[in-house]
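Commentary on secondary and tertiary structure
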Amino acid sequence: RGMYAEWGPEGSGKYLSVCKRIQAYQYPLQSSRRDDYWGKIDLLGIGTDFLPLPNELKKHNSNESPLRMLVEVAAYGFAIRKVWPKLRDDWAKAVRWFGGPPLGFSVTLDRITLIGVAPDEYWSSCLGSHARAFPPEAWLPFWKLVNALGKWFDIHFAAIEGSWDDTAELPTITGARVLELRSLSGRQSRSEEHT
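So, here is what we can say about the structure in this document. Residue positions are given per chain, counted from 1 along the sequence in the order it is written. Reporting of local features is limited, given that this is a predicted model, to residues whose pLDDT is at least 70; pairs of side-chain atoms are given and counted only at 80 or more, and all residues count toward the totals for whole chains, interfaces and linings. Side-chain numbers here rest on the full set of heavy atoms in the structure, without hydrogens or water.

1. Some remarks on helix α2 (residues 66-94)
A rise of 1.5 Å per residue sets the reference length of α2, with its 29 residues, at 42 Å; its end C-alpha atoms lie only 30 Å apart and thus fall more than 12% short of the reference. Across the chain, bend at a residue is computed as the angle between axes fitted to the seven residues ending at that point and the seven starting from it. Only runs of H or I of at least four residues qualify as helices and only runs of E of at least two qualify as strands under DSSP, and these elements are numbered from the N terminus. W84 marks where α2 bends most, by close to 80 degrees; the proline P85 follows one to four residues later. Every helix has an expected span of 1.5 Å times one less than the residues it contains.

Structure below.
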């Protein structure tokens, strides 16, 4: 909710270079209220091409790995691609507030952008010699999966800056940036090899 308040329709400023704004949070994927197979997309952004852009968010103290983040956001990406023919007209109306595409949307989605996002504290817990959420040897297969998913998706990772008081209603968000995770994880792997 804090990110939606900051970068949603009522917010101010651009969220990330690869994602203009946030259109919705906790966006349901169920076909009905009785459908328990799908959850909700944490944040549904507006890409630079005005297409829907799923964001998988992890909390600052999450023990879930970047692999789980990647698999979840990819699943949401495949779901958006599948429902796009039914979602397309509603999406065009929904993003009209932000200008929308000048020529409308394609009937199919060949490629969309995905973002795995978390506070800096989460990423720190996944990198470095004392990484609790992700061992250094897991990065190579992780990037192989990212590359394989590249057939359908442009995948990015982002860090949210701010303070996270678990007793406050909303966090204090001061910014966001695209994270060069591949180079950060590569440095970690190389340093582990030398120790």
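2. Notes on the sheet that holds strand β1 (residues 19-28)
Strand pairing requires that DSSP identify at least two bridges connecting the strands. What the six strands build is an open sheet, ordered β1-β2-β3-β4-β5-β6; its pairing is mixed. Of all the strands in the sheet, the pair left with one neighbour each is β1 and β6 (172-179). Here the strands of the sheet are splayed against their neighbours by 30 degrees on average, with no regard to which way each runs. Looking at chain direction, β1 and strand β2 (residues 40-47) are connected through seven bridges and run antiparallel. Residue pairing for β2: P28 is matched across the bridge by K40. Note on contacts: a residue pair qualifies if any of its non-hydrogen atoms lie within 4.5 Å across the two residues. Fitted lines through C-alpha atoms serve as axes, helices being fitted only where they are in contact, and the angles separating the N-to-C directions of these axes extend from 0 to 180 degrees. Where α2 meets the sheet, it contacts β1, β2, β3 (52-57), β4 (112-119) and β5 (153-163), and its direction lies at approximately 145 degrees from that of β3.

3. Describing the side chain of E72
Turning to its location among the elements, E72 is positioned in helix α2. Filtering out sequence-adjacent residues up to four positions away, E72 remains in contact with E56 and K58.

4. A short note on the pattern of salt bridges
What counts as a salt bridge is simple: a side-chain nitrogen of Lys or Arg found within 4 Å of a carboxyl oxygen of Asp or Glu. According to the stated counting rule, one finds eight salt bridges in the structure shown. As a salt-bridge pair, R177 and D120 come within 2.9 Å of each other at their nearest N and O atoms. One end of the pair, R177, is in strand β6; the other, D120, is in helix α3 (residues 120-126), with 57 residues separating them in the sequence. Residue R177 is joined to E161 by a salt bridge in which the shortest nitrogen-to-oxygen separation is 2.9 Å. In this pair, R177 is assigned in strand β6 and E161 in strand β5, connecting sequence segments 16 residues apart. Its relative accessible area of 33% is what places R177 among the partly exposed residues. E161 gets classed as partly exposed once you look at its relative accessible area, which sits at 26%. One salt-bridge network, held together by shared partners, links E56, K58, E64, R68 and E72. Categorising residues by exposure relies on relative accessible area from a 1.4 Å probe, with only protein chains included: less than 20% of the type maximum marks a residue as buried, more than 50% marks it as exposed, and the intermediate range marks it as partly exposed.

5. A closer look at the side chain of R21
Here R21 is to be found in strand β1. No salt bridge is formed by the buried R21; its nearest oppositely charged neighbour, E10, is found at 8.1 Å. Pairs of N or O atoms within 3.5 Å make up the polar contacts considered here, provided that, within protein, one atom can donate a hydrogen while the other can accept it, and that residues adjacent in sequence are counted only when both atoms are side-chain atoms. Looking at R21, its side chain comes within polar contact range of the main-chain oxygen of G8, at 2.6 Å. A polar contact is formed between the side chain of R21 and the backbone oxygen of G11, at a distance of 2.8 Å. R21 has contacts with W7, G8, P9, G11, S12, G13, K14, Y15, G45, I46, W97 and F98, leaving out every residue within four places of it along the chain. Counted charges follow a simple rule, with Lys and Arg positive, Asp and Glu negative, and His plus the chain ends left uncounted.

6. Focus: unusual backbone geometry
Of note in the backbone geometry, Q26 takes a positive phi value of approximately 55 degrees without being a glycine. Position of Q26 relative to the elements: it lies in strand β1.

7. Focus: helix α4 (residues 139-149)
For α4, the full list of buried residues reads W139, F142, W143, V146 and L149. Around the axis of α4, the buried residues are gathered within 120 degrees of arc, so they sit on the same side. Of the exposed residues in α4, the ones pointing more than 90 degrees away from its buried face are L140 and K144. Working note: the arc is built from the helix axis to C-beta atom directions.

That's the geometry; what it means functionally is another story.
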